[in-house]
Amino acid sequence: REKLESMKSQVTEEIAKAVHLDDLEKIRIKYMGKKGLLTEVLKGMGKLPPEERPVMGQIANQLRDYIEEILTKAREDISKREKEARLQREKIDVTMPGKIRTIGKRHPLTSTLDQIKDIFLGMGFDIVDSPEDGPEVELDYYNFEALNIPKNHPSRDIQDSFYINEDIVLRSQTSPVQIRTMEKHKPPIRVIVPGRVYRSDEVDATHSPIFHQIEGLVVDKHVTMGDLKGVLGVFAREFFGPNTKTKFRPSYFPFTEPSAEVDVTCFVCGGKGCRVCGNTGWIEILGAGMVHPKVLAMAGVDPEVYSGFAFGMGLDRIAMLKYGIDDMRLLFENDMRFIEQF
Ligand SMILES: CNC(=O)COc1cccc(Nc2cc(Cl)ccn2)c1
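So, here's what we can say about the structure. Worth saying up front: this structure is predicted, and the values here are computed from it rather than measured.

**Notes on the overall build of the protein**
Argument step 1. Each helix and strand counted, the protein has 12 helices and 10 strands in total.
Argument step 2. In terms of C-alpha radius of gyration, the protein reaches 45 Å, well past the compact-globule figure of 20 Å for 342 residues.
Argument step 3. Across its three principal axes, the protein shows a C-alpha extent of roughly 140 × 45 × 40 Å.
Argument step 4. With 342 residues in all, the protein has 43% of them scored as buried.
Argument step 5. Put simply, of all contacts in the protein between residues at least 6 apart along the chain, 65% involve residues at least 24 apart.

Here it is in structure tokens:
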């Protein structure tokens, strides 16, 4: 009897201390399993004197029912507690901010160049922009001589161009590639040439020693100034907007005759006048003209048979106008705080 009593308090204590369901299972097996402590007692009943058997049997059965009962209770408590813990652990706070997917951004120069390329591709121009079509470190001949810029011309001064030596210079425009194109291909020629150019200007908000130009060249029979105005008008309306007007002001370049500087109506104020266009309503975006006959001849194109026009624009300047960037140096620093704004 004492044994059963002490077993009852012992099993109660063990169950109270159980933390996991399998602890309870171990306890159940310890007492109720095939070799369980209580199972042994129940088996030993047969050895008791007959008058004690019913009393002891009843106590033993009560103990078995008791153990089953508190085991079940304990199981419920533990599963409930573990379920609570799991819910707490796996709880999702839906008010947390989402993961921001950072996406790559195209540099403003790249997207501006792509837009310009598309416009001229749409007009049947080819893009000539691989290194073998013309190097950035160029012969003095292609950068000056072949463009009708004589030896003593001011733009050949050291303060305007980076000289490697007497005959080699960092190209100051992409025209050399057009000269090389004329040497290699018979007309008709319709190309635009984007590329990096170098000038030893002082560095400030609108000048950088490295910058980008896009030049265009058309050579064929009967090419006229009207073709030039038509092509540049389409470019201006496609790039700056359908109501954009163009103005051709007489100008001078050694490599074109006649030469012109081309303004477009300000795409910000539509021509009324604002900060961007300096209250003039017009913005100068490129220089152009009919290719000088001497330039054609030097490049192996007969000026008696063919004529052509050419133009050049500063890509950095156009991108800065379009996106309201006020310091050219921002285009070269690749600061993500700048680039990710586009
Ligand atoms: C930023 N560029 C400007 O202000 C002006 O650039 C210009 C103007 C006129 C013509 C050209 N290019 C050119 C090329 C050949 Cl092969 C022959 C004749 N001309 C570039």
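**Things to note about unusual backbone geometry**
Argument step 1. Note that the residue after P187, namely P188, is joined by a cis bond; omega there is 5°.
Argument step 2. Note on placement: P188 falls in the loop between α7 (175-184) and β5 (189-198).
Argument step 3. In this model, E257 is joined to P258 through a cis peptide bond whose omega is 0°.
Argument step 4. Positionally, P258 belongs in strand β8 (residues 256-265).
Argument step 5. With phi around 65°, N148 is a residue other than glycine that occupies positive phi space.

**Some thoughts on the sheet that holds strand β10 (residues 307-314)**
Argument step 1. Strand order in the open sheet made by the seven strands is β1-β5-β6-β10-β9-β8-β7, with mixed pairing throughout. Unpaired on one side and paired on the other, β1 (126-127) and β7 (246-253) mark the two borders of the sheet.
Argument step 2. As defined by bridge partners, strand β9 (residues 282-291) adjoins β10 across five bridges and the pair is classed as antiparallel. Bridge pairing in β10 links G287 to G312.
Argument step 3. Helix α5 (residues 108-121) contacts β1, β5, β6 (210-220) and β10 of the sheet and is inclined by roughly 165° relative to β5.

**Topic: the site of the ligand**
Argument step 1. Neighbouring residues of the ligand: 17 residues in total, closest Q178, Q213, E215, F255 and G287.
Argument step 2. The separation between a nitrogen atom of the ligand and a polar side-chain atom of Q213 is 3.3 Å.
Argument step 3. Contacts to the ligand include E215, whose side-chain N or O atom sits 2.8 Å from a nitrogen atom.
Argument step 4. Elements with a contribution of two residues or more to the shell around the ligand: α7, β6, β9 and β10.
Argument step 5. Broken down by element, the residue count for the shell around the ligand peaks at five residues, all from β10.
Argument step 6. For the shell around the ligand, the per-class residue count stands at nine nonpolar, seven polar and one charged.

**A word on the packing of helix α2 (residues 21-32) against helix α4 (residues 53-90)**
Argument step 1. At a minimum axis separation of 10 Å, α2 and α4 run at an interaxial angle of 170°. Regarding the angle of α2 to α4, the classification is roughly antiparallel. The residues of α4 that touch α2, namely those facing L21, L24, R28, Y31 and M32, are R64, I67, E68, L71, A74, R75, I78 and S79.

**Remarks on the side chain of T244**
Argument step 1. You can see T244 is positioned in the loop between α8 (225-240) and β7.
Argument step 2. Of note is the side chain of T244, whose polar atom sits 2.6 Å from the backbone oxygen of G241.
Argument step 3. T244 has contacts with A236, R237, V264 and T265, leaving out every residue within four places of it along the chain.

**Let's talk about the pattern of salt bridges**
Argument step 1. Following the criterion strictly, the structure yields 17 salt bridges and no others.
Argument step 2. In this structure, the salt-bridge partner of E13 is K17, at a minimum N-O distance of 3.6 Å. Of this pair, E13 and K17 both sit in helix α1 (residues 2-17), four residues apart, which is roughly one turn of the helix.
Argument step 3. By relative accessible area, E13 is classed as partly exposed at 48%.
Argument step 4. By relative accessible area, K17 is classed as exposed at 58%.
Argument step 5. One salt bridge connects K73 with D77, and the closest N-O pair in it is separated by 2.9 Å.

How each quantity is defined
- Residues numbered from 1 in each chain as written.
- Predicted model: local features only at pLDDT ≥ 70, side-chain atom pairs only at ≥ 80, totals over all residues.
- Heavy atoms only, no water.
- Helix = DSSP H or I, 4+ residues; strand = E, 2+ residues; numbered from the N terminus.
- Rg over C-alpha atoms; globule rule 2.2 N^0.38 Å.
- Buried < 20%, exposed > 50% of the residue type's maximum accessible area, 1.4 Å probe, protein only.
- Contact = heavy atoms within 4.5 Å.
- Pairing = 2+ DSSP bridges.
- Axes fitted to C-alpha atoms, helices over the stretch in contact; angles between N-to-C directions.
- Near = heavy atom within 4 Å.
- Polar contact = N/O pair within 3.5 Å; in protein donor to acceptor, adjacent residues only side chain to side chain.
- Nonpolar A, V, L, I, M, F, W, Y, C, P; charged D, E, K, R; others polar.
- Parallel < 35°, antiparallel > 145°, perpendicular 65-115°, else oblique.
- Salt bridge = Lys/Arg side-chain N within 4 Å of Asp/Glu carboxyl O.

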